[in-house]
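Here's the letter readout for the chains.
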Amino acid sequence: QVQLVESGGGLVEPGGSLRLSCAASGFTFSNYFMSWYRQAPGKERELVAGIASAGRSTNYADSVKGRFTISRDNAKNTVYLQMNSLKPEDTAVYYCKVRIALISIRDYWGQGTQVTVSS
């Protein structure tokens, strides 16, 4: 079955960096667009970044452009989110997602990893 496992979250001071990882299994990773979302307390889940199957095309939320970088390693079935110049408003639970369309379209999510930016 499809499984997504995020890791790499933690507590970091403003201006610091973190690298999140999402290990995927149960599907042909290299065929699918992958994305990172985040959800802060009391707010809706929002798209942070996405990356095409071969990794050549990426997109970012305006709030993270120039600070975050999404990448993937198809040999390791893993997608990454490098987060630099972190701000308190980046505090959230970060999730990776894959949308798989077979008989029906279904979104699969990981369990999330907490990122807290605070001094």
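Computed from a predicted model, the values in this text were never measured in an experiment.

### Overview of the environment of Ser119
Right, on to step 1. Tracing the backbone shows Ser119 in the segment after strand 11 (113–117).
Right, on to step 2. The class for Ser119 is exposed, based on a relative accessible area of 85%.
Right, on to step 3. Placed 29 residues apart in sequence, Ser119 and Asp90 show a C-alpha to C-alpha distance of 13 Å.

### Notes on the sheet that holds strand 7 (residues 68–73)
For sheets, the rule is that strands pair by backbone hydrogen bonds, running either parallel or antiparallel.
Right, on to step 1. Pairing within the open sheet is antiparallel, and its four strands lie in the order 1-3-8-7. Sheet topology places strand 1 (3–7) and strand 7 at the edges, where each strand pairs with a single neighbour. With strand direction ignored, the average angle separating the axes of adjacent strands in the sheet is 15°.
Right, on to step 2. Here five bridges tie strand 1 to strand 3 (residues 18–25), and the two strands are oriented antiparallel to one another. The residue of strand 3 that forms the bridge with Leu4 is Ala24.

### With respect to the pairing of strand 11
Right, on to step 1. Side chains of strand 11 alternate between two faces, with Thr113, Val115 and Val117 buried and Gln114 and Thr116 left unburied.
Right, on to step 2. Sheet analysis places strand 2 (residues 10–12) next to strand 11, joined by three bridges and oriented parallel. The residue bridging Val12 from the neighbouring strand is Val117, located in strand 11.
Right, on to step 3. As defined by bridge partners, strand 9 (residues 92–101) adjoins strand 11 across three bridges and the pair is classed as antiparallel. Pairing of Ala92 across the sheet is with Val115, part of strand 11.

### Here we look at the side chain of Arg72
Right, on to step 1. Mapped onto the fold, Arg72 is located in strand 7.
Right, on to step 2. Despite its burial, Arg72 pairs with no opposite charge; the closest candidate is Asp73, at 8.3 Å N-O.
Right, on to step 3. Polar side-chain contacts of Arg72 include one of 2.9 Å to the backbone oxygen of Ala52.
Right, on to step 4. A distance of 2.8 Å separates the side chain of Arg72 from the side chain of Asn74, its partner in a polar contact.

Cut-offs applied
- Residues numbered from 1 in each chain as written.
- Predicted model: local features only at pLDDT ≥ 70, side-chain atom pairs only at ≥ 80, totals over all residues.
- Heavy atoms only, no water.
- Helix = DSSP H or I, 4+ residues; strand = E, 2+ residues; numbered from the N terminus.
- Buried < 20%, exposed > 50% of the residue type's maximum accessible area, 1.4 Å probe, protein only.
- Pairing = 2+ DSSP bridges.
- Axes fitted to C-alpha atoms, helices over the stretch in contact; angles between N-to-C directions.
- Lys, Arg positive; Asp, Glu negative; His and termini not counted.
- Salt bridge = Lys/Arg side-chain N within 4 Å of Asp/Glu carboxyl O.
- Polar contact = N/O pair within 3.5 Å; in protein donor to acceptor, adjacent residues only side chain to side chain.

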